[in-house]
Amino acid sequence: CFLGANAVILYALGVPVLKLLLLITAECLRQRHAWASALCIHIVQSISKWACPDMFAYILLMHLVRGLNHPRVLQAIMRLDIGFTCFSLFCVGSTIASFGICSPHEGAGWSTGIARRLTSALSGG
């Protein structure tokens, strides 16, 4: 019974594929069904927020487990390595990038200005 491994695979592969499919669907429906396109974009923005609480949960779990390492009774060594750094960058980048996507109802409003400022800042311009 590999329930934990299946959940990790679903979260690591299923959620990004779902986000990509929703973005493609939103772009295809942008002209004909603006409300459906806006709904898809809103769902992607909501999904992108899910990864950030996990990042803090890993930090708190490490802090909790760090004090439990008693080698004869319980071995509980935990270390956040380069993978956690990459995951943290992904969480923050995914959340910022999702808010740079404007829905058809927003048009040239405030979100387009945010996207323009983020693009300018990231490109060094």
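Remember, predicted model here, so these are calculated numbers, not experimental data. (Residues numbered from 1 in each chain as written. Predicted model: local features only at pLDDT ≥ 70, side-chain atom pairs only at ≥ 80, totals over all residues. Heavy atoms only, no water.)

**Quick look at the nonpolar core**
Core analysis: the largest hydrophobic core is formed by 7 residues, namely Val15, Leu22, Ala26, Cys40, Ile41, Val44 and Ile47. The set of elements that each furnish at least two residues to this core consists of helix H1 (3–29) and helix H2 (34–48). The greatest single-element share of this core, amounting to 4 residues, is contributed by H2. With sequence-adjacent residues up to four places away left out, Cys40 is seen in contact with Leu22, Thr25 and Ala26. (Core = buried A, V, L, I, M, F, W, Y, C linked by side-chain atoms within 4.5 Å. Buried < 20%, exposed > 50% of the residue type's maximum accessible area, 1.4 Å probe, protein only. Helix = DSSP H or I, 4+ residues; strand = E, 2+ residues; numbered from the N terminus. Contact = heavy atoms within 4.5 Å.)

**A short note on H1**
Look at H1: 36 Å from first C-alpha to last across 27 residues, which is about the 39 Å you get at 1.5 Å a residue. By the largest-angle criterion, Gly14 marks the main kink of H1, which is about 30 degrees, and a proline, Pro16, follows within four residues. Of the positions making up H1, those classed as buried are Val15, Lys19, Leu22, Ala26 and Leu29. Elements in contact with the buried residues of H1: H2 and helix H4 (82–98). (Expected span 1.5 Å × (residues − 1). Bend = angle between axes of the 7 residues up to and from the residue.)

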